[in-house]
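Coordinate inspection notes
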Amino acid sequence: GNILETDIQTRESLDRAIYIAMNILENMGARMITGIEYSKRFNASDKDQRLLYSFLPKIPQSPGAFSEAQLRWINNHYPEDFAAACRLQLRAALKRIKG
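Let me begin by describing the structure that accompanies this report. (Residues numbered from 1 in each chain as written. Predicted model: local features only at pLDDT ≥ 70, side-chain atom pairs only at ≥ 80, totals over all residues. Heavy atoms only, no water.)

This part covers the overall build of the chain. Per the secondary structure count, the chain includes two helices and four strands. The N-to-C order of helical and strand elements in the chain reads α-β-β-β-β-α. Buried residues in the chain amount to 25% of all 99 residues. If you take every contact in the chain between residues at least 6 apart in sequence, the share linking residues at least 24 apart comes to 54%. Taken as a whole, the chain presents about 7300 Å² of accessible surface, with 55% of it coming from carbon and sulfur. (Helix = DSSP H or I, 4+ residues; strand = E, 2+ residues; numbered from the N terminus. Buried < 20%, exposed > 50% of the residue type's maximum accessible area, 1.4 Å probe, protein only. Contact = heavy atoms within 4.5 Å. Areas by Shrake-Rupley, 256 points an atom, 1.4 Å probe, with all protein chains shown as cover.)

Turning to helix 1 (residues 8–27), a few remarks are in order. Taking 1.5 Å of rise per residue, the 20 residues of helix 1 would be expected to cover 28 Å, and the 29 Å separating its terminal C-alpha atoms lies within 8% of that figure. Taken together, the buried positions of helix 1 are occupied by L14, I20, A21, N23, I24 and L25. (Expected span 1.5 Å × (residues − 1).)

Written out as structure tokens, the structure reads:
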């Protein structure tokens, strides 16, 4: 539900996943990336709410769309196409990270 409920291994895993995501988006040409954490309230008793992260990149070749979450124009594309492009970048990003 929120980051405070996680153990150290989960936090390290999240850190690595966020770093990899940022690396992939940067190498795809993102000029700015906004990350949003969607977590439950600290005092919420609901144990079924998941901790979610969203990344909103601004990529030059992608036409714009308005984001209500950010009150600004961001990228716009078909999600499955963008996911495929990210998967193509994943192997190269992992090699760069490992050195």
